[in-house]
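So the chains spell out like this:
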Amino acid sequence: RGSEAARMAEGVDQDGEPSVSPRSEHLGEADHVIHDPRDYDDADVADRASAEISKRDPRVASTTETQSSNLRRRIKTVSRISQEFSSNVARISSQLERLLHLFFWTDPRLSTLFVSCCLACALVLLVVPPNYVAILCGLYLMRPPQFRDTEDGLATTLWSRLPDNSDAF
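Cut-offs applied
Residues numbered from 1 in each chain as written. Predicted model: local features only at pLDDT ≥ 70, side-chain atom pairs only at ≥ 80, totals over all residues. Heavy atoms only, no water. Helix = DSSP H or I, 4+ residues; strand = E, 2+ residues; numbered from the N terminus. Buried < 20%, exposed > 50% of the residue type's maximum accessible area, 1.4 Å probe, protein only. Contact = heavy atoms within 4.5 Å. Phe/Tyr/Trp six-rings, centres within 6.5 Å; stacked < 30°, edge-to-face > 60°. Lys NZ or Arg CZ within 6 Å of the ring centre and 35° of its normal. Salt bridge = Lys/Arg side-chain N within 4 Å of Asp/Glu carboxyl O. Lys, Arg positive; Asp, Glu negative; His and termini not counted. Expected span 1.5 Å × (residues − 1). Disulfide = S-S within 2.5 Å. Patch = residues over 30% accessible without salt bridge, like charges linked within 9 Å, V, L, I, M, F, W, Y side chains within 5 Å. Areas by Shrake-Rupley, 256 points an atom, 1.4 Å probe, with all protein chains shown as cover.

Draft legend 1. Examining the overall build of the protein more closely. When you go through the protein residue by residue, the secondary structure sums to eight helices and zero strands. Listing every helix and strand of the protein by position from the N terminus yields α-α-α-α-α-α-α-α. In the protein, which comprises 169 residues, the proportion classed as buried is 17%. Put simply, of all contacts in the protein between residues at least 6 apart along the chain, 49% involve residues at least 24 apart.

Here it is in structure tokens:
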């Protein structure tokens, strides 16, 4: 590998002929040798070759600027997505912790209210056929906007009173 890297640094391929990268042929610069920095094992040689290329061709310098701006944009996008994911996971975790506190009777008044509401719903479902309950729920959900409350309901207010683990400490 070492001798191969040395030949590449000298601009000679395996057959002993001057090596010309396809990129230099495309740019019309076949009269002098330009190496692709990705071909080298040694990082210093690759850095020198890329600096040489950017000195000779200003288009390469603008390409690296464009690549770095694309990289910054991608990093910002990944950061934003990971931040949104983290906040959503925290919100879900908080709701599950509140449910856990409801079942563990952390707030006895709310837990008693929850159990009594569950018993009342069970009694209603024993007396009223499920079809009628489904129709009433559908009518309630599709009510006109003037009959909807903009404020939080009683259940939401009581749910927000339950502590999550961040509130417990």
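There is more to say, and it comes next.
Draft legend 2. Spotlight on the packing of aromatic side chains. A full pass over the atoms with the stated rule returns one aromatic pair. Ring geometry for F103 versus F114: centroids 5.8 Å apart, planes at 65°, classification edge-to-face. Placement of F103 in helix α4 (residues 58-103) and of F114 in helix α5 (residues 108-127) is noted, with a sequence separation of eleven residues between them. Between the NZ or CZ atom of R143 and the centre of the ring of Y140, over which it lies, the distance is 4.2 Å.

Draft legend 3. Just the pattern of salt bridges, in detail. Here the structure, examined in full by the defined rule, presents two salt bridges. As a salt-bridge pair, R80 and E84 come within 3.2 Å of each other at their nearest N and O atoms. Separated by four residues within a single helix, R80 and E84 lie in helix α4, roughly one turn from each other. Residue R80 is classed as partly exposed on the basis of its relative accessible area of 42%.

Draft legend 4. Spotlight on unusual backbone geometry. Even without being glycine, W105 reaches a positive phi, approximately 60°. Given the relative accessible area of 43%, W105 is considered partly exposed.

Draft legend 5. Representation of the side chain of E97 in the model. With respect to the helices, strands and loops of the structure, E97 is situated in helix α4. For E97, which is buried and forms no salt bridge, the nearest opposite charge comes from R98, at a distance of 7.5 Å. Leave out the neighbours within four places in its chain, and E97 touches P163, D164, N165 and S166.

Draft legend 6. Spatial organisation of helix α6 (residues 130-141). A rise of 1.5 Å per residue sets the reference length of α6, with its twelve residues, at 16 Å; its end C-alpha atoms lie 16 Å apart and thus fit the reference within 8%. Buried residues are scarce in α6, accounting for zero of its twelve residues.

Draft legend 7. The arrangement of the state of the cysteines in detail. According to the stated counting rule, one finds zero disulfides in the structure shown. C121 supplies the cysteine sulfur nearest to C117, a cysteine that is in no disulfide, at a spacing of 6.6 Å. Here C137 stays free of any disulfide, with the sulfur of C121 as its closest cysteine sulfur at 9.2 Å. The exposure class assigned to C137 is partly exposed, which follows from its relative accessible area of 43%.

Draft legend 8. Region of the structure containing a nonpolar patch on the surface. Nonpolar side chains collect at one region of the surface, where I92, L96, L99, L100, F103, F104, W105, F114, V115 and L119 lie side by side and expose about 990 Å² of accessible area between them. For the nonpolar patch, the secondary-structure elements that each account for two or more residues are α4 and α5. Counting residues per element, the nonpolar patch draws most heavily on α4, at five residues. When you line up the elements, V115 lands in helix α5.

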